[in-house]
Amino acid sequence: MAKYMRAGLLILSIIMAASASALAQEEPGEDAADNVPAVTPPLELIEEDIQADALRDLETEETADTTEALPPPSEPSSEMDEIFGEAQYAYATEDYGVALLRAQTAAAGGHPQAATLVGILHVEGRAPRASDDTALTYFQRAAAQNEPVALYQIGLLARAGRAGLTPGTAGGYFQRAARGGHVPAMLAYALSLKATDVPQNAGEAMDWAERAAAHGNVEAMYQRALMASDWHHGPQDPVDARQWFERAATSGHAEAALQAGLMAATGEGGEEDPVAALAMIRRSAESGYAPAQGQYGLMLYQGWNGAEPDLTNAAHWFAEGADGDDAESEFLYAYVLARGEGVTQDLQAAYLWVVRAATDFEGNPVDNPQRDELQSRLESVLPGDVTARLRREALSDAAG
């Protein structure tokens, strides 16, 4: 589904290629915390209408083998509410010692959200002698009262294999938190279902991602789009995927904006719309997303949609993407440096960047014959000691 535009040494054209960034987001392995916030800020408690909607929806569901909806947490006393309010204020003003004392007091009085806050202070390392085990103890105390944020936090600890928990148990905690109305947990549960790679879980995974998206979770919109596009258990529906990419893009998701723009450029999943394509890819580039910066630069270089080529701005965007460790942008920047297009010709700088473009941001080799050819041409005109020094610099830069 994800597509990039690549430059050749003599001819520039649109080609199909896989988006490494999108694939990195697709599976929630060890880096899944990048998709879902590692810690839910304790001040962002679940809104009553969201929790009520979640519980009402689940009460009417008629699905087999499904955990019953959680009852809402028990109501703490007004006195404990007041103490917890003091803990929240102290946390918000970064007075963590007071926040911990107040939260512990309210937790001892049976306040589940206060117990959750104590756990979060330990997870964040803001408590004296902070530990995952203590955090888990408090989260479990809150979870016993069906406090969704605590259930979600236990799921995060389990997914990371912390506090003696195993990753295989994370999905159950995410499910319970999701059923209690916790929106990030809805997405986390959707991704845990997707990670099982069980075909029968595909529909439920998409459903939970869509629920989170319905509550405004932008990452859920993007993940829902990926599920509809090239996921082997998904519907392979480019029309549906494009709609979700566009929704996420409109809500500020940079990667979704790039994908939506590329689909608009090629007419995949709907009508071809070069004006919208340029606007969305530019939006993604201006947000700092390195792969989009290279793509936007390429559109300027080509003279997209009949416009005059803008070599100076194209070189600028290639440089921006290269600085962001995008291999395609690194190659494009090396290319214009070698040719002196939109930037002063500098063969040594071109060689440095073309060597860096040999691997992606994760250090994996990049298959780009044009890059290989450009490196070979530069090596034929630069002295051997210079290319050796530049290779060392490139490797040092990549390691740093």
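Residues numbered from 1 in each chain as written. Predicted model: local features only at pLDDT ≥ 70, side-chain atom pairs only at ≥ 80, totals over all residues. Heavy atoms only, no water.

Caption draft 1: Spatial organisation of helix α15 (residues 290-302). The end-to-end C-alpha distance of α15 is 19 Å, a good match for the 18 Å that 13 residues give at a rise of 1.5 Å each. Most of α15 sits inside the fold, with 12 of its 13 residues counted as buried. Three or more residues of α15 are buried, namely A290, P291, A292, Q293, G294, Q295, Y296, G297, L298, M299, L300 and Y301. Backbone geometry just downstream of α15 places G303 in the positive-phi region, at approximately 80°. (Helix = DSSP H or I, 4+ residues; strand = E, 2+ residues; numbered from the N terminus. Expected span 1.5 Å × (residues − 1). Buried < 20%, exposed > 50% of the residue type's maximum accessible area, 1.4 Å probe, protein only.)

Caption draft 2: Spotlight on the nonpolar core. F139, M227, F245, F318, Y333, L374 and L378 are the most contacted members of the largest nonpolar core, which totals 117 residues. Contacts of F318, omitting those with residues within four sequence positions, involve G294, G297, L298, Y301, S329, L332, Y333 and V336. (Core = buried A, V, L, I, M, F, W, Y, C linked by side-chain atoms within 4.5 Å. Contact = heavy atoms within 4.5 Å.)

Caption draft 3: Fine view of the packing of helix α14 (residues 274-286) against α15. Their axes nearest at 8 Å, the elements α14 and α15 cross at an angle of 140°. On the basis of their axis angle, the class for α14 and α15 is oblique. When you trace α14 past α15, the crossing you get is left-handed. Here A277, L278, I281, R282, S284 and A285 of α14 lie close against α15, whose contacting residues are A292, Q293, Q295, Y296 and M299. (Axes fitted to C-alpha atoms, helices over the stretch in contact; angles between N-to-C directions. Parallel < 35°, antiparallel > 145°, perpendicular 65-115°, else oblique. Left-handed = near helix turned anticlockwise from the far one by under 90°.)

Caption draft 4: Region of the structure containing helix α7 (residues 148-159). Its 12 residues give α7 an end-to-end C-alpha distance of 16 Å, which sits within 8% of 16 Å, the value for a rise of 1.5 Å per residue. The buried fraction of α7 amounts to 12 of the 12 residues, a majority that puts the element mostly inside the structure. Of the residues trailing α7, G161 is marked for its positive phi of about 70°.

Caption draft 5: The arrangement of the confidence of the model for the chain in detail. Confidence in the prediction for the chain averages 86 pLDDT; 80% of positions are at 70 or higher. Low pLDDT (under 50) marks residues 1-44, which in the prediction has 125 contacts with non-local residues, meaning those over four places away or in another chain. Across residues 60-68, where pLDDT falls below 50, the model places 6 contacts with residues more than four positions away in sequence or in other chains. (pLDDT = per-residue confidence, 0-100.)

Caption draft 6: Spotlight on the packing of aromatic side chains. With the rule as written, the count across this model stands at 9 aromatic pairs. Their ring planes at 50° and their centres at 5.9 Å tell us that Y222 and F245 sit as a pair that is tilted. Taken together, the residues Y222 in helix α11 (residues 218-228) and F245 in helix α12 (residues 238-250) connect sequence positions 23 residues apart. Each member of the aromatic cluster is reached from another via a ring pair, and the members are Y301, F318, F331 and Y335. Here the guanidinium or amino end of K194 rests over the ring plane of W231, the centre of that ring lying 5.3 Å away. Residue placement shows R211 over the ring face of W208; its charged tip is 4.3 Å from the ring centre. (Phe/Tyr/Trp six-rings, centres within 6.5 Å; stacked < 30°, edge-to-face > 60°. Lys NZ or Arg CZ within 6 Å of the ring centre and 35° of its normal.)

Caption draft 7: Summary view of the environment of E124. Relative to the helices and strands, E124 resides in the loop between α5 (112-123) and α6 (132-143). A residue is classified by how much of its surface remains accessible, and E124, at 26% relative accessible area, is partly exposed. Along the sequence, E124 and A135 sit 11 residues apart, while their C-alpha atoms lie 9.6 Å from each other. A distance of 2.7 Å separates the side chain of E124 from the side chain of Y91, its partner in a polar contact. (Polar contact = N/O pair within 3.5 Å; in protein donor to acceptor, adjacent residues only side chain to side chain.)

Caption draft 8: A look at the packing of helix α3 (residues 78-92) against helix α4 (residues 96-108). As a packed pair, α3 and α4 sit with axes 8 Å apart at the nearest point and diverge in direction by 160°. In terms of their interaxial angle, α3 and α4 are classed as roughly antiparallel. In the packing of α3 onto α4, the handedness of the crossing is left-handed. Where α3 abuts α4, its residues M80, I83, F84, E86, A87, A90 and Y91 lie against Y96, V98, A99, R102, A103, T105 and A106. Residues that form the contact of α3 with α4 fall into these classes: 11 nonpolar, 1 polar and 2 charged. (Nonpolar A, V, L, I, M, F, W, Y, C, P; charged D, E, K, R; others polar.)

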